[in-house]
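# Tertiary structure, described
Residues per chain are reported as follows:
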Amino acid sequence: MLDNHNRNIDYLRISVTDRCNLRCTYCMPPEGVGWIPHSAILTVAEMIRLSRLFAEMGFRRIRLTGGEPLVRKGVAQIVRGIKGIPGIEKVTLTTNGVLLAEQLPALLDAGLDGVNISLDTLDRAQFAAIARRDELHRALAGIHAALAVPGFNIKLNCVPSGENDAQLVPIAALAKDHNVAVRFIEMMPIGLGGTQHRRTQAEVLAMLEESFGGAIACQQPDGGGPGEYVTFAGFQGKVGFISAMTHKFCHNCNRVRLSATGFLKTCLQYETGADLKALLNAGASDDTLRAAIAQAIAQKPASHHFSEHRETEGETRNMHQIGG
Ligand code: SAM
Ligand code: SF4
């Protein structure tokens, strides 16, 4: 559906849990957080019902995220339920990869169309420092399991923080050897991300060009997203940049987010949206829910103001709570 800024909003990201098996320094405090009780989280049936309403309103793609989506039991059941909704074209997942190898067969059987796997470093000690868990071997097992599936749509997401500078070329090189998109995501000042150093798109590109030669502009792998993509001579895959800070893409924004507690969040920076869980708890009809969704989307903010030093007026929660 169109919002008040004439953008076609057809992409929903659902956070299926706020919980996680890692503690990335830019996303979660070391001590973890007080988890939200199960009773406050959307049930599988509620997620599928809301997805159907979104599909009826023109949404075509749904991504499951978190927290870490694979720590929630029954994610394959959610994938299967959403895939069966008329109008839904793609159901994808964003994961840290730790539990992916063991769950991938069930997810593929349920109809999962693609996976984004986060990978900030290939160095075991550095992974343990950034994620505060010694789990690189399992994350890599997840990546290799996904790579072994013929034709499966895989993107690797890396957040350059200055700390992992030496890893950016080896991570980008995965797109040389495999037909995947390796994407560098600029650190956003959301929650703990605001306390971290950020490497910009220009800085990362300069590092890559020094190793791989001049970048060649190319099309996005699957269209519709905010990234700018390049490739390099001899690469099978692509390298993308998701640069909310230095290359603001709000004018093309096509997405809204549903938090694990059922809050429909229409822009990463703002609290604006609709509490769909409260409506569900009150026994709202499909018409009432659709009206609340339509009203929230119509009022989607025109853009974030992260780069205008107005960061504190907006989102103070971390990405695991919002659904990255
Ligand atoms: N746990 C899953 C994972 O790590 O892929 C899914 C949720 S995580 C919040 C989604 C993505 O958000 C990850 O790629 C993570 O690196 C990214 N992320 C978290 N905090 C961020 C921040 N402040 N700025 C930019 N990206 C961030
Ligand atoms: Fe967990 Fe993903 Fe946040 Fe890391 S970025 S703590 S894996 S939710």
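Residues numbered from 1 in each chain as written. Chains lettered and ligands numbered in written order. Predicted model: local features only at pLDDT ≥ 70, side-chain atom pairs only at ≥ 80, totals over all residues. Heavy atoms only, no water.

This part is about the overall build of the protein chain. A tally of helices and strands in the protein chain yields 11 helices and 12 strands. A globule of 324 residues ought to have a C-alpha radius of gyration of about 20 Å, and the protein chain, at 19 Å, matches this closely. Dimensions along the principal axes, computed over C-alpha positions, put the protein chain at roughly 55 × 45 × 40 Å. Every one of the 324 residues in the protein chain was classed for burial, and the buried ones make up 52%. Sequence-distant contacts in the protein chain: of pairs separated by 6 or more residues, those separated by 24 or more amount to 72%. About 13200 Å² of surface is accessible on the protein chain, with carbon and sulfur atoms providing 53% of the total. Within the protein chain, one finds 33 positive and 32 negative side-chain charges whose respective centroids are separated by 4 Å. (Helix = DSSP H or I, 4+ residues; strand = E, 2+ residues; numbered from the N terminus. Rg over C-alpha atoms; globule rule 2.2 N^0.38 Å. Buried < 20%, exposed > 50% of the residue type's maximum accessible area, 1.4 Å probe, protein only. Contact = heavy atoms within 4.5 Å. Areas by Shrake-Rupley, 256 points an atom, 1.4 Å probe, with all protein chains shown as cover. Lys, Arg positive; Asp, Glu negative; His and termini not counted. Charge placed at Lys NZ, Arg CZ, Asp CG, Glu CD.)

Quick look at empty space enclosed by the protein now. The full count for this structure, using the stated rule, is 1 cavity of 30 Å³ or more. By volume, the largest cavity is sized at about 80 Å³. Taken together, Tyr11, Arg61, Arg63, Lys90, Thr92, Gly114, Val115, Asn116, Asn153, Lys155 and Asp222 make up the lining of the largest cavity. Looking at the lining of the largest cavity, the elements that each hand over two or more residues are β2 (61–65), β3 (90–95), β4 (114–118) and β5 (153–158). (1 Å grid on protein atoms, 1.4 Å probe; cavity = no way out; pocket = protein on both sides within 12 Å on 5 of 7 lines; lining within 4 Å. Points joined across faces, edges and corners; volume = space filled by probe spheres on them.)

If you look at the biggest cluster of nonpolar residues, it comprises 90 residues, and the most contacted ones within it are Phe54, Leu64, Phe184, Val239, Leu264 and Leu276. Sort the elements by how many residues they give to this core and helix α1 (residues 44–56) lands first, with 6 residues. Once you skip the residues sitting within four places of it in the chain, Leu276 turns out to touch Leu50, Phe54, Leu258, Gly262, Leu264, Leu289, Ala292 and Ile293. (Core = buried A, V, L, I, M, F, W, Y, C linked by side-chain atoms within 4.5 Å.)

Here the focus is the sheet that holds strand β8 (residues 228–231). Spatially, β7-β8-β9-β6-β5-β4-β3-β2-β1-β10-β11-β12 is the arrangement adopted by the 12 strands of the open sheet, whose pairing is mixed. Either end of the sheet is taken by a strand with one partner, and the two such strands are β7 (216–218) and β12 (273–275). Neighbour-to-neighbour, the strand axes of the sheet open up by a mean angle of 25 degrees, direction not taken into account. For strand β1 (residues 11–15) and β2, the ladder comprises 5 bridges, and the chain directions are parallel. Counted as the bridge partner of Ile14 is Leu64 from β2. Helix-sheet contacts for α1 involve β1, β2, β10 (255–258) and β11 (263–265), and the interaxial angle to β1 is about 170 degrees. (Pairing = 2+ DSSP bridges. Axes fitted to C-alpha atoms, helices over the stretch in contact; angles between N-to-C directions.)

Attention shifts here to the site of ligand 1. Taken together, 18 residues form the shell around ligand 1, and within it Tyr26, Gly67, Ser118, Met188 and Met319 come nearest. Within the side chain of Glu68, an N or O atom sits 3.2 Å from a nitrogen atom of ligand 1. Alone, ligand 1 offers 550 Å² of accessible surface; in the complex the protein occludes 94% of this. Of the residues in the shell around ligand 1, the class split is 7 nonpolar, 9 polar and 2 charged. (Near = heavy atom within 4 Å. Polar contact = N/O pair within 3.5 Å; in protein donor to acceptor, adjacent residues only side chain to side chain. Nonpolar A, V, L, I, M, F, W, Y, C, P; charged D, E, K, R; others polar.)

Attention now moves to the site of ligand 2. For ligand 2, the full set of nearby residues is Cys20, Leu22, Cys24, Cys27, Gly67, Asn96 and His320. Tallied by class, the residues present in the shell around ligand 2 amount to 4 nonpolar, 3 polar and no charged.

Moving on, we get to the pattern of salt bridges. The final tally for this structure, using the stated rule, is 12 salt bridges. A salt bridge links Glu46 to Lys277; its shortest N-O distance comes to 2.8 Å. Placement of Glu46 in helix α1 and of Lys277 in helix α9 (residues 276–281) is noted, with a sequence separation of 231 residues between them. An identical accessibility class is assigned to Glu46 and Lys277; each is buried. When the shortest N-O distance is used, the salt bridge between Asp286 and Arg52 registers 3.2 Å. (Salt bridge = Lys/Arg side-chain N within 4 Å of Asp/Glu carboxyl O.)

Attention now goes to the environment of Ile216. Along the chain, the position of Ile216 falls in strand β7. Once residues within four sequence positions are removed from consideration, Ile216 is found in contact with Tyr229, Val230, Thr231, Phe232 and Ala233.

With that out of the way, let us pick up the confidence of the model for the protein chain. Per-residue confidence for the protein chain gives a mean pLDDT of 90, with 94% of residues at or over 70. For residues 310–314, every residue scores under 50 in pLDDT, and the model assigns this stretch 8 contacts once sequence neighbours within four places are set aside. (pLDDT = per-residue confidence, 0-100.)

Along an α-helix, residues three or four positions apart point the same way, because every turn accommodates 3.6 residues. In this model, α1 (13 residues) spans 19 Å end to end at C-alpha, consistent with the 18 Å of a helix rising 1.5 Å per residue. Taken as a whole, α1 has its buried residues at Val44, Glu46, Met47, Leu50, Ser51, Leu53, Phe54 and Ala55. Phi for Gly58, located one or two positions after α1, is positive at around 105 degrees. (Expected span 1.5 Å × (residues − 1).)

Moving on, we get to unusual backbone geometry. The phi dihedral of Asn6 is positive, around 65 degrees, even though this residue is not glycine. With respect to the secondary-structure elements, Asn6 resides in the segment before β1. Residues other than glycine seldom take positive phi values, yet Arg132 does so here, at roughly 55 degrees. Its location among the elements puts Arg132 in the loop between α4 (124–131) and α5 (136–147). With relative accessibility at 27%, the residue Arg132 sits in the partly exposed group.

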